[in-house]
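Secondary and tertiary structure notes
Chain by chain, the residues:
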Amino acid sequence: MAKGYWVSVYPAISDPERLTAYDKLAGPAVRAGGGRVLSVGGRVVAHEAGITQRVVLIEFDSFEQAVAAYESEAYQKALVALPDGVERDFRIIEGID
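Residues numbered from 1 in each chain as written. Predicted model: local features only at pLDDT ≥ 70, side-chain atom pairs only at ≥ 80, totals over all residues. Heavy atoms only, no water.

Points about the overall build of the protein
Looking only at helices and strands, the protein has 3 helices and 4 strands in total. N-terminal to C-terminal, the α/β element order of the protein is β-α-β-β-α-α-β. Whereas a compact globule of 97 residues would reach a radius of gyration of roughly 13 Å, the protein reaches 13 Å, a difference of no more than 12%. Seen through its principal axes, the protein has C-alpha atoms that stretch 35 × 35 × 15 Å. Going through the 97 residues of the protein one by one, you find that 31% of them count as buried. The contacts in the protein between residues at least 6 apart in sequence include a share of 78% that link residues at least 24 apart. (Helix = DSSP H or I, 4+ residues; strand = E, 2+ residues; numbered from the N terminus. Rg over C-alpha atoms; globule rule 2.2 N^0.38 Å. Buried < 20%, exposed > 50% of the residue type's maximum accessible area, 1.4 Å probe, protein only. Contact = heavy atoms within 4.5 Å.)

A word on the side chain of Ser 8
Its location among the elements puts Ser 8 in strand S1 (residues 4-13). Judged by relative accessible area, which is 4%, Ser 8 ranks as buried. In this view, Ser 8 contacts Arg 54, Val 55, Val 56, Arg 88, Asp 89 and Phe 90; residues no more than four positions away in its chain are not counted.

Let's talk about the pattern of salt bridges
By the definition in use, this model includes 6 salt bridges. Note that Arg 36 is salt-bridged to Asp 61, the shortest N-O span being 3.0 Å. Here Arg 36 is found in strand S2 (residues 36-40), whereas its partner Asp 61 is found in the loop between strand S3 (55-60) and helix H2 (63-71), with 25 residues between them in sequence. Overall, the relative accessible area of 31% leaves Arg 36 in the partly exposed class. (Salt bridge = Lys/Arg side-chain N within 4 Å of Asp/Glu carboxyl O.)

Observations regarding the environment of Gly 33
Within the secondary structure, Gly 33 is located in the loop between helix H1 (16-32) and S2. It is 20 Å that separates the C-alpha atoms of Gly 33 and Val 55, two residues lying 22 residues apart in sequence. Every residue in contact with Gly 33, bar those within four places of it in the chain, is listed here: Phe 60, Gln 65 and Ala 69.

Structure follows, in structure tokens:
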């Protein structure tokens, strides 16, 4: 079964303190959904039109598990805390077996 991944890229963060409030809720929700954080805001070397701002990569045992974690009540509560001043490009993708 192919793994599932959450990929988040943050082109703009105007209120980092409010993003921290989201992180405090999102972390437990992700772990409860079976997610494992592989990278969060580490070093980035961007090429072409790449973005060097914060990038988050989370792995799940399956694509379905990744979708279910996003749709979970706990993660939906975390999304409410995501501040308006944060621009985020979020995707759930299926890995290759």
